[in-house]
Amino acid sequence: MNPIAITLLLAVALAGFGALAWRKLAIVVKLAPEVRWDHPLARFHAVVVNGFLQSRMVAREWKPGLMHAVIFLGFTTLLLRKVQLLVIGYDEAFVYSGLAGGMFASLKDVVELAVLTAVGYAFWRRLAQKPARLERNGEALVILSLIAAIMVTDFLFDGFRFALRAPADAGIAHERSFAFAGDAIARMFSALSPGQLAAGYQASYWTQMLAVLGFLVILPVGEHFHIVTALPTLFFRRGGPANRVPALDLEAIMGGSDAGEMKIGVRTALDLSWKDGLDAFTCTECGRCKDACPTFLTGKPLALKWVFDSLKQHLLAQRDAIVAGDDAALPALVGGVIAPETLWACTTCGYCEAACPIELEHLPRFYRMRQHQVLMEGSFPHQLKAVFEAYEVQSNPWGLPADTRGNWATGQGVPVVQTREDMQRLDYLFYVGSAESFDPRARKIAVAFVKILRHAGIRFGILGARETSTGECVRRAGNEMLFQQLARTLADTLNGLGVTRIVTCDPHAFNTLKNEYPDFGGHYEVVHHTQLIASLIAEDRVRVDRAFERVIYHEPCYLARHNGEYEAPRAIIAQLTRDAPLEFALRREKAMCCGAGGARMWLEENIGRRINIARVEQALPQQPLVIATACPYCATMMSDGAKALGREPEIDTRDIAELVADALTEGQSS
């Protein structure tokens, strides 16, 4: 070989890689600071499990996941081989000696054959299968071709090398005795002349090195930069579900000395965190974020991949201004890079984050963009103006009189908590929420749940007119100021009454009280009604008939994906049905949103198909008689969807509490 040539080639490749990588990383380091290195052991665990072992990639869709895992693990394994090839550029006789070296030669052949098989499957998937989530991508085909070329030229190099040099070199002969694929190819080349073997030996080596180092140079150019950044991105991930909105210290912001310098949320690229930038440059463009995304599946201009595409192009286009820290020279993100209809289409269901194999983040960035639009620009969908005003005046989105909040319970003898002493005599405070207090359809859920609680002998009470909204809806719509006012008001009420245990039928209230109220002094044990009912059935405090057939369960995002509760509702339904409960094709972690979250309950859908109708259509192949829900908003959305399709009363939409209340039997303990 040629030591000078390999040295120059390596130097040029490393310089090219460094320059192109810094073109992106220089942007990342200039973005807003954020601490992402706490809990290092948990972070390393994620790198091992979801990075090196590709667990999340394989678990959700095993065939393409296994394909990617084979290619990734092939790359990590074959790094040792590339070191050997570089050393061969200086010393042609270099081998990994001994038994370990021989075993590595065997492993290398196995790995390269596996990688070639995986690459073949990837080509077939992109060119023949063409799944909807995979868009046309020339770069992917180039990269796959390069990987295949590297594997093939390595096999050819072994064949030529073994045939040419093994007879005279004991070390190379030892390697050949283990390298079964290289040995087979060498046997095929045995009839070639020494000159032909030498030419093939040189050609296969330099072709492979050009392919390997060329691959290194082009990595930072496109989405395959994730080969370099994916593991660091996993280490710096947020961790856990996206069930909390980034809090704002409004007192510090409002108390600033210069009102002109006041900043809330994200306006320009420089307001993004460095992790936002790293995520944008790390997106693998696998499209998994689309599989159950309610906006993508109903023709709206939002998919996480598209957001990252837009951000990545913008960051590169504005590189000079970002690196210089010139915020004034940067355009606003919303309205240009991110269209308003994209920002407000998001239902905050969290599917895209849950599906991403390297845990890229989406919701916190959109929340901060919404915060800026609402609090700084006053720019938001016009329907939200009335909703915000209704919450401000009456603490509910309908704007109905706040003092009628407990009227749904009139005549039912439901205790109303007035004092700390009242609360001390109870097992739970039943936090009813706005929907079940004011919406006629949702009120039926509250009444049914009260029936179950009484049946089981649970001591409970409500706040009645003193109950106020958690503010969950306005927070996810970007009105952080109004949310904090509502949160402090409700937390003060709950704390003043000594509330410690809360049960609610509303997953949105459940999530907010459990995960967000601790920031405002509210520390409670919060239980969803399906969790309580499931435990009461298990304890034989509630007994039910098998009164229903063909029940399919639609799971609320804020109960399931955001808080990990998949089993309690299913355990209840299994006790209520005479047959096996039905399931959506998109279920559990992959369940599709009903379309009500993220304040979308109050916004019109003017683009694409209606999400709730699409979700009901997904149930139809199972021929259900009942769509069971565990959220008052889901119940409304599913009911409206069934009506729009002309499938009511053929298909009944019921909350699980309503089903249990209708199926109660005598004989339980109290």
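Structure's up top.
Predicted model only: the values in this text are computed from it and were never measured.

Participant: I keep staring at the overall build of the protein chain and nothing clicks. Help me out?
Facilitator: For the protein chain, the helix and strand inventory stands at 30 helices and seven strands. For the protein chain, the spread of C-alpha atoms along the principal axes amounts to about 100 × 65 × 45 Å. Looking at the protein chain as a whole, 56% of its 670 residues are labelled buried. Once local pairs closer than 6 in sequence are excluded, the contacts in the protein chain between residues at least 24 apart make up 81%. Counting every atom, the protein chain has about 26,700 Å² of accessible surface; 59% of that belongs to carbon and sulfur. Between the centroid of the 68 positive side chains of the protein chain and the centroid of its 70 negative side chains there is a distance of 3 Å.

Participant: Just checking my understanding: could you explain the sheet that holds strand β5 (residues 551–553) for this structure?
Facilitator: In sheet architecture, strand pairing relies on hydrogen bonds along the backbone and comes in two forms, parallel and antiparallel. Taken in spatial order, the three strands make up an open sheet running β5-β6-β7, and their pairing is parallel. Each end of this open sheet is capped by a strand with a single partner; those strands are β5 and β7 (652–655). Taking the axes of each pair of neighbouring strands and ignoring which way they run, one obtains an average angle of 30° across the sheet.

Participant: When you look at unusual backbone geometry in this model, what are you seeing that I'm missing?
Facilitator: Among all residues except glycine, the phi angle is most often negative; among peptide bonds, the trans geometry is most common. Here E648 and P649 are connected by a cis peptide whose omega angle stands at 10°. Note on placement: P649 falls in the loop between α29 (632–644) and β7. One non-glycine residue, E285, lies in positive phi territory at about 60°. Mapped onto the fold, E285 is located in the loop between α12 (274–282) and α13 (294–297). Here E285 falls in the buried class, since its relative accessible area comes to 13%. Here the phi dihedral of R550 falls at roughly 50°; this positive angle occurs in a residue that is not glycine. Within the secondary structure layout, R550 lies in the loop between α26 (529–538) and β5.

Participant: In this structure, what is going on with the pattern of salt bridges? I would like to understand it.
Facilitator: Once the charged atoms of two side chains with opposite charge are near each other, the side chains can pair. Scanning all chains against the criterion turns up 51 salt bridges. A salt bridge links E361 to K275, with the shortest nitrogen-to-oxygen separation between them at 3.3 Å. In this pair, E361 sits in the loop between α17 (351–355) and α18 (363–377) while K275 sits in helix α12, placing the two residues 86 residues apart along the sequence. Assessed through its relative accessible area of 0%, K275 is described here as buried. Linking R476 and E472 is a salt bridge whose minimum nitrogen-to-oxygen distance equals 3.5 Å. Separated by four residues within a single helix, R476 and E472 lie in helix α23 (residues 472–476), roughly one turn from each other. As far as the burial class goes, R476 and E472 line up, both buried. Salt bridges sharing partners connect three or more residues here, namely E34, R36, R238, K275, D279, E353 and E361.

Participant: It is not clear to me how the packing of helix α5 (residues 98–129) against helix α7 (residues 170–178) should be interpreted in this structure. Could you clarify?
Facilitator: Helix-helix packing: each pair is described by the crossing angle between the helix axes and the interaxial distance. Where α5 meets α7, the axes come as close as 7 Å, and the angle between the chain directions of the two elements is 50°. Here α5 lies oblique to α7, going by the angle between them. The way α5 lies across α7 gives a crossing that is right-handed. Here G98, L99, G102, M103, A105 and S106 of α5 come into contact with α7, specifically with H174, E175 and F178. The residue makeup of the contact of α5 with α7, split by class, is four nonpolar, four polar and one charged.

Participant: Before we go on, may I ask you to explain the packing of helix α4 (residues 62–88) against α5 in this structure?
Facilitator: Between α4 and α5, whose axes approach to 8 Å, the crossing angle comes to 145°. Crossing handedness for the pair α4 and α5: left-handed. In contact with K63, P64, M67, V70, I71, G74, T77, L78, L80 and R81 of α4, α5 contributes F104, L107, K108, V111, E112, A114, V115, A118, V119, Y121, A122 and R125. Tallied by class, residues from the contact of α4 with α5 come to 15 nonpolar, two polar and five charged.

Participant: In this structure, what is going on with the sheet that holds strand β4 (residues 525–528)? I would like to understand it.
Facilitator: An order of β2-β1-β3-β4 is seen for the four strands of this open sheet, with the pairing classed as parallel. Across the chains shown, the open sheet's two edge strands, defined by having one partner strand only, are β2 (460–461) and β4. Where strand β3 (residues 501–504) lies against β4, four bridges are found, and the strand directions are parallel. Within the sheet, the bridge partner assigned to R501 lies in β4 and is E525.

Participant: Explain a nonpolar patch on the surface here, please?
Facilitator: There is a patch of nonpolar side chains on the surface, built from V48, F52 and L53 and spanning about 270 Å² of accessible area. In this fold, V48 is placed in helix α2 (residues 40–52).

Participant: Honestly, the pairing of strand β1 (residues 428–431) in this entry has me stumped. Any pointers?
Facilitator: Consecutive side chains of a regular strand alternate in pointing toward one face of the sheet and then the other. The two faces of β1 match: Y428 and F430 on one face and L429 and Y431 on the other face are all buried. Across two bridges, the pairing between β1 and β2 is parallel. Paired with L429 across the two strands is G461, which belongs to β2. Summarising the sheet, β1 and β3 pair through three bridges and their orientation is parallel. Bridge pairing links F430 to V503 in β3.

Participant: I keep staring at the environment of F72 and nothing clicks. Help me out?
Facilitator: For F72, the position within the fold is in helix α4. The exposure class assigned to F72 is buried, which follows from its relative accessible area of 18%. A sequence separation of 19 residues divides F72 from L53, and the C-alpha atoms of the two residues are 9.3 Å apart.

Participant: Before we go on, may I ask you to explain the nonpolar core in this structure?
Facilitator: In globular proteins that are soluble, nonpolar side chains generally tend to be buried together. Of all hydrophobic cores here, the largest spans 175 residues; its most connected members are F430, F449, L494, V542 and V660. By residue number, the principal contributor to this core is helix α22 (residues 440–456), which donates nine residues. Look past the residues within four positions of F430 in its chain and what remains in contact with it is W408, E436, A446, F449, V450, F460, G461, I462, E467, V503, T504 and C505. One finds I6, L85, I172 and I185 within the second-largest nonpolar core, a separate group that totals 22 residues.

The rules behind these values
Residues numbered from 1 in each chain as written. Predicted model: local features only at pLDDT ≥ 70, side-chain atom pairs only at ≥ 80, totals over all residues. Heavy atoms only, no water. Helix = DSSP H or I, 4+ residues; strand = E, 2+ residues; numbered from the N terminus. Buried < 20%, exposed > 50% of the residue type's maximum accessible area, 1.4 Å probe, protein only. Contact = heavy atoms within 4.5 Å. Areas by Shrake-Rupley, 256 points an atom, 1.4 Å probe, with all protein chains shown as cover. Lys, Arg positive; Asp, Glu negative; His and termini not counted. Charge placed at Lys NZ, Arg CZ, Asp CG, Glu CD. Pairing = 2+ DSSP bridges. Axes fitted to C-alpha atoms, helices over the stretch in contact; angles between N-to-C directions. Salt bridge = Lys/Arg side-chain N within 4 Å of Asp/Glu carboxyl O. Parallel < 35°, antiparallel > 145°, perpendicular 65-115°, else oblique. Left-handed = near helix turned anticlockwise from the far one by under 90°. Nonpolar A, V, L, I, M, F, W, Y, C, P; charged D, E, K, R; others polar. Patch = residues over 30% accessible without salt bridge, like charges linked within 9 Å, V, L, I, M, F, W, Y side chains within 5 Å. Core = buried A, V, L, I, M, F, W, Y, C linked by side-chain atoms within 4.5 Å.

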